[in-house]
Amino acid sequence: MTAPAEPADDAALPEFPMRRACPFSPPAAYAELRGTEPVSRARLKVNGKRTWLVTRHDLYKRLLGDARVSANLKLPGYPLQVPVPDEVLQSVPLTFLSMDPPDHTVQRRMLAPEFSVRRMRELRGRVQQIVDQQTDLMLAMGTESPVDLVTALALPVPSLVICELLGVPYEDHGRFEEWAWAIMNHDISDEDRGRAHYELDRYVDGLVTAKESEPGDDMISRLIEFNRHAPAVEHSDIVSMAKLMLVTGHETTANMIALGVLALLEHPGQLAAVRAEPELMPKAVEELLRFFSISDAGTARVALEDIELGGVTIRAGDGILPLNNAANHDERVFPDPDRLDVRREARSHLAFGYGVHQCIGQNLARMELDVVYTTLLRRVPTLRLATPVQELRFKDDAIVYGLYELPVTW
């Protein structure tokens, strides 16, 4: 089959990104698109260019499992979510997230041992210590007034963890958290985003250079040592890998910690179930990941050849956005998908993407979320919101969904 006739006027196309229907639901248009046009055209808000949206679970997986699509963001047609001048885009090195095999395969193999299930089991005790320490500090702060869970717990925990893993001084966390925010914000100026990239690149380059002469017991040092014995990448590639781990290793998990706590507090029946049956927590983590799907368009692709998908033809050079928030609410896979259900078998969700680029840090994210949620519910049984949900500020202006603050009390 061939693609239906496209609107002659781009203004007739829906604009992407679309706003969520409410803090706990995906954009309302997703359900309609899944049912009537699961591979559909849209117009990017950032630059007005056309792209394809893929909103059905099976088609999402089929596309991301197809070797005829590329993750290379330098290719014409790639659906960028933030404005980047082309001369800047073409001058920066790709992270392995935007590489295709075989380059992607080389770097992924270097990083994979750091995030294995065995490695996470070894780290869990240290993560528990970090969570307990931050919970102690939060409880001490809460004796006088409501506490912002984001700054007290959700952000410090993954920042401390990724700093220890990479060998980054935690006292610098304020700087790289600010740079990460600027890089991931839709509405920041090109100048400020460019400055954040520059400062973060310079900072991480300095770290890698220092560890090349004085290695430690950390991920960056092990990558350097691995590469010395079996040269596969350049200094700049290790800088790029470390930068990616530093930004994504704290930002996404911090957002999920805050959102997950909010969702449980706002769904008292689900909260009661997890408290009564702590063994449900792994399922609850998967369900919360599915429910929020915070990196909705994090798997952008470009077609390298004409591809038939969902009854339409995606032409070579077209940009494509497989939407995990749409796929994760596909009623064909998840009955009553807009309902939070901590007993649901949600492991088939796509919050971490799919295929060769599936998130390499997913084992770490799952473990951190499990430890934080379990510890918080056990140690602060009277935890409650200090601000109504309708007054909270959500990150609708960012690439990764989350909360700016979450005032709580107990």
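Structural data are supplied above this passage.
In this text, all values refer to a predicted model and were calculated from it rather than measured experimentally. (Residues numbered from 1 in each chain as written. Predicted model: local features only at pLDDT ≥ 70, side-chain atom pairs only at ≥ 80, totals over all residues. Heavy atoms only, no water.)

Asker: Residue-level account of the packing of helix α13 (residues 281-292) against helix α15 (residues 362-379), with values.
Answerer: Contact pair α13 / α15: the axes reach a minimum separation of 10 Å and the direction vectors enclose 115°. The pairing of α13 with α15 is recorded here as roughly perpendicular in orientation. For the pair α13 and α15, the crossing hand works out as right-handed. Counted together, Met 281, Pro 282, Val 285, Glu 286, Leu 288 and Leu 289 of α13 and Arg 366, Leu 369, Asp 370, Tyr 373, Thr 374 and Leu 377 of α15 form the full contact between these two elements. Grouping the constituent residues of the contact of α13 with α15 by class yields eight nonpolar, one polar and three charged. (Axes fitted to C-alpha atoms, helices over the stretch in contact; angles between N-to-C directions. Helix = DSSP H or I, 4+ residues; strand = E, 2+ residues; numbered from the N terminus. Parallel < 35°, antiparallel > 145°, perpendicular 65-115°, else oblique. Left-handed = near helix turned anticlockwise from the far one by under 90°. Contact = heavy atoms within 4.5 Å. Nonpolar A, V, L, I, M, F, W, Y, C, P; charged D, E, K, R; others polar.)

Asker: With reference to specific residues and values, describe the environment of Asp 396.
Answerer: Its place among the elements puts Asp 396 in the loop between β10 (384-385) and β11 (407-409). Each C-alpha atom of the pair Asp 396 and Tyr 170 lies 28 Å from the other, and the pair is 226 residues apart in sequence. Polar side-chain contacts of Asp 396 include one of 3.0 Å to the side chain of Arg 19. (Polar contact = N/O pair within 3.5 Å; in protein donor to acceptor, adjacent residues only side chain to side chain.)

Asker: Explain the pairing of strand β2 (residues 39-44) residue by residue, including any values.
Answerer: When you tally the buried positions in β2, you get six out of six residues, the bulk of the element. Of the two faces of β2, both are covered, the one formed by Val 39, Arg 41 and Arg 43 as well as the one formed by Ser 40, Ala 42 and Leu 44. One ladder, built from two bridges, connects strand β1 (residues 15-16) with β2; its direction is parallel. By the bridge assignment for β2, Glu 15 is matched with Arg 43. Between β1 and its parallel partner β2, the chain crosses via helix α1 (residues 29-36), and the hand of that crossover is right-handed. Bridge analysis of β2 against strand β3 (residues 50-54) gives five bridges, and the strand direction is antiparallel. Looking at the pairing, Arg 43 lines up with Arg 50 of β3. (Buried < 20%, exposed > 50% of the residue type's maximum accessible area, 1.4 Å probe, protein only. Pairing = 2+ DSSP bridges. Right-handed = clockwise from strand over helix to strand, strands pointing away.)

Asker: I'd like a description of the environment of Leu 340, backed by residues and values.
Answerer: Relative to the elements of secondary structure, Leu 340 occurs in the loop between α14 (324-327) and α15. On a C-alpha basis, the gap between Leu 340 and Ala 316 in space is 39 Å, while along the polypeptide they are 24 residues apart. Those residues within four positions of Leu 340 in sequence are excluded, and the remaining contacts are Ala 263, His 267, Gln 270, Glu 287, Leu 288 and Phe 291.

Asker: Tell me about the packing of helix α11 (residues 235-266) against α15, and name the residues and values.
Answerer: Across the interface, α11 lies against α15 with an axial gap of 10 Å and an inter-helix angle of 40°. Judged by the inter-axis angle, α11 sits oblique to α15. Crossing of α11 against α15: the hand is right-handed. Residues Thr 253, Met 256, Ile 257, Gly 260, Val 261 and Leu 264 of α11 pack against Ala 365, Glu 368, Leu 369, Val 372, Tyr 373, Leu 376 and Leu 377 of α15. In the contact of α11 with α15, the residues fall into 10 nonpolar, two polar and one charged.

Asker: Any details on helix α7 (residues 156-166)? Residues and values, ideally.
Answerer: The element α7 is extensively covered by neighbouring structure, given that 10 of its 11 residues are classed as buried. Among the residues making up α7, those that are buried are Pro 156, Val 157, Pro 158, Ser 159, Leu 160, Val 161, Ile 162, Cys 163, Leu 165 and Leu 166. The first or second residue beyond α7 is Gly 167, which carries a positive phi of 85°.

Asker: How would you summarise the sheet that holds β11 if you had to cite specific residues and measurements?
Answerer: The strand order across the open sheet built from three strands is β5-β11-β10, with neighbouring strands paired in antiparallel fashion. With partners counted over all chains shown, the strands left at the sheet margins are β5 (147-148) and β10, one partner each. In this sheet, β11 lies alongside β5 in antiparallel orientation, the contact comprising two bridges. In the sheet register, Asp 148 faces β11, and the bridge partner there is Pro 407.

Asker: Kindly report on the nonpolar core, identifying the contributing residues and their values.
Answerer: In summary, soluble globular proteins display a tendency toward joint burial of nonpolar side chains. Membership of the largest hydrophobic core comes to 99 residues, with the highest contact counts inside it found for Met 245, Leu 246, Leu 262, Phe 292 and Leu 406. Broken down by element, the residue count for this core peaks at 17 residues, all from α11. Beyond its immediate chain neighbours, meaning those up to four positions away, Met 245 contacts Phe 96, Leu 111, Phe 115, Ile 162, Leu 166, Met 219 and Ile 360. Listed in part, the 16 residues of the second largest apolar core include Phe 16, Leu 80, Leu 89 and Val 302. (Core = buried A, V, L, I, M, F, W, Y, C linked by side-chain atoms within 4.5 Å.)

Asker: I'd like to hear about the side chain of Thr 135, residue by residue, with values.
Answerer: Secondary-structure assignment places Thr 135 in helix α5 (residues 117-141). For Thr 135, a relative accessible area of 0% gives the class buried. For Thr 135, the contacting residues outside a window of four places in its chain are Leu 153, Thr 375, Arg 379 and Val 380.

Asker: Pulling in residues and values, what's your account of the sheet that holds strand β4 (residues 69-70)?
Answerer: Strand order in the open sheet formed by six strands is β1-β2-β3-β9-β6-β4, with mixed pairing between adjacent strands. Strands with a single pairing partner mark the edges of an open sheet, and in this sheet they are β1 and β4. Strand direction decides the pairing type here: β3 and strand β9 (residues 319-322), joined by three bridges, are parallel. Bridge pairing links Val 54 to Pro 322 in β9.

Asker: Could you give an account of unusual backbone geometry, naming the residues involved and the relevant values?
Answerer: Most peptide bonds adopt trans geometry, and most residues besides glycine take a negative phi value. A cis amide bond links Phe 16 with the next residue in sequence, Pro 17, at an omega value of 5°. In this model, Pro 101 is joined to Pro 102 through a cis peptide bond whose omega is 10°. The residue Pro 102 is located in the loop between α3 (86-91) and α4 (103-111) in this model. Positive phi, close to 45°, is recorded for Ser 293, a residue that is not glycine.

Asker: With reference to specific residues and values, describe the pattern of salt bridges.
Answerer: According to the stated counting rule, one finds 34 salt bridges in the structure shown. Between Arg 366 and Glu 286 there is a salt bridge, with the nearest N and O atoms lying 2.5 Å from each other. Of this pair, Arg 366 sits in helix α15 while Glu 286 is found in helix α13, placing the two residues 80 residues apart along the sequence. For Arg 366, a relative accessible area of 12% puts it in the buried group. A cluster of three or more residues bridged by salt bridges with shared partners is formed by Arg 34, Asp 330, Glu 331 and Arg 332. (Salt bridge = Lys/Arg side-chain N within 4 Å of Asp/Glu carboxyl O.)

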